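# Structure at a glance
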Amino acid sequence: MTGTRIAALGHYQPAKVLTNDDLAALVDTSDAWISSRVGIRTRHVAGPDEPVDEMAAHAGAKALASAGLTPADVDLVLVATSTAIDRSPNTAARVAARLGMVSPATMDLNVVCAGFTHALATADHAVRAGSASRVLVIGADKMTEVADWTDRTTCVLVGDGAGAAVVEAAPDSAGAGIGPVLWGSVPEMGHAVRIEGTPPRFAQEGQSVYRWATTQLPPIARQVCERAGVAPEELAAVVLHQANLRIIEPVAQRIGAVNAVIARDVTESGNTSAASIPMAFSKLVERGEVTSGAPALLFGFGGNLSYAGQVVRIP
């Protein structure tokens, strides 16, 4: 059976940076308050003329260039996003048009903060089933556009950006590829993280999310490793959804990945929803902080109280 691998990664962030001190001029907060509670120092903010699909296309183009490929080499585009305003054309179709692709299948997935790992699993399945040969998988969100800038508990969290991965066929053997996904949700608690209303606004029940993430997710993440045949202590990297440093650090510790580099991009990028995992992963690879071929745990969680994770080999 055909296996898969991540051939390359790419990421993009808007040029404008919003600091904690900048936020303190907008709402009743401070750098000390934000840093102590969520660990975020800065976040990037897209302008009104910088839509989700533009950020996604930038990240996708970078991933393709890193893989030595052209847009014509891709036959499926998957974009994970929950902040695209327009319903049609979907974001994936607009990305394909921006990149000059010929006739790819194009689909959006909305699983909010777990969107990228759901999309990565979908790409893995498509290639394994023979319905696609090479997939461009992107997580992209413009969270600042759905932020309530009067709510100091949520507006301090969010940032904008995009991350991308190229998924292609590879020998289905140990030491290479994308491991089995473990995914699910807690439907009765979907109200804990919301983007709803007209205009849509992001809101969450912070304490409920914190308790769920720090108590329920570590054993699920260990099951992801078990499915891949990798012990937690063998992981070279752990890339969790970059929600909040006070969630990332205890969850990573409870997984037992004692030898892994832990992605902490949230400190400079904020919570970028579906973009957070591929963006943080791309930065680790670009900076040479992880070793090609080593195992990394990717684990998305949050919106809808959905989760999805897989162990992948670092490109």
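Just so we're clear, the structure is a prediction, and the values are computed from it rather than from any experiment. (Residues numbered from 1 in each chain as written. Predicted model: local features only at pLDDT ≥ 70, side-chain atom pairs only at ≥ 80, totals over all residues. Heavy atoms only, no water.)

This brings us to the overall build of the protein chain. Summing up its helical and strand segments, the protein chain has nine helices and 14 strands in all. Its C-alpha radius of gyration of 18 Å places the protein chain within 12% of the 20 Å reference for a compact globule of 315 residues. C-alpha extents for the protein chain along the principal axes are approximately 55 × 45 × 40 Å. Of all 315 residues assigned to the protein chain, the portion counted as buried reaches 57%. Contacts spanning at least 24 positions in sequence make up 77% of the contacts within the protein chain whose residues lie at least 6 apart. Counting every atom, the protein chain has about 12100 Å² of accessible surface; 50% of that belongs to carbon and sulfur. Distance between charge centres in the protein chain, computed from 24 positive and 31 negative side chains, equals 3 Å. (Helix = DSSP H or I, 4+ residues; strand = E, 2+ residues; numbered from the N terminus. Rg over C-alpha atoms; globule rule 2.2 N^0.38 Å. Buried < 20%, exposed > 50% of the residue type's maximum accessible area, 1.4 Å probe, protein only. Contact = heavy atoms within 4.5 Å. Areas by Shrake-Rupley, 256 points an atom, 1.4 Å probe, with all protein chains shown as cover. Lys, Arg positive; Asp, Glu negative; His and termini not counted. Charge placed at Lys NZ, Arg CZ, Asp CG, Glu CD.)

Our focus in this paragraph is the pairing of strand S6 (residues 134–142). When you tally the buried positions in S6, you get eight out of nine residues, the bulk of the element. Relative to S6, strand S4 (residues 76–80) runs parallel, the two being bridged by five bridges. From the neighbouring strand, Leu76 faces S6, where its bridge partner is Val135. Here S6 runs beside strand S7 (residues 160–170); their pairing, made up of nine bridges, is antiparallel. Looking across to S7, one finds that Val137 is bridged to Ala165. (Pairing = 2+ DSSP bridges.)

Below, the discussion takes up the packing of helix H3 (residues 52–67) against helix H4 (residues 91–99). One can describe the packing of H3 onto H4 by two numbers: an axis separation of 9 Å at closest approach and a directional angle of 55°. When the axes of H3 and H4 are compared, the pair comes out oblique. The handedness of the crossing between H3 and H4 comes out as right-handed. Across from Val52, Asp53, Glu54, Ala56, Ala57, Ala61 and Leu64 in H3, the residues of H4 making contact are Thr91, Arg94, Val95, Arg98 and Leu99. (Axes fitted to C-alpha atoms, helices over the stretch in contact; angles between N-to-C directions. Parallel < 35°, antiparallel > 145°, perpendicular 65-115°, else oblique. Left-handed = near helix turned anticlockwise from the far one by under 90°.)

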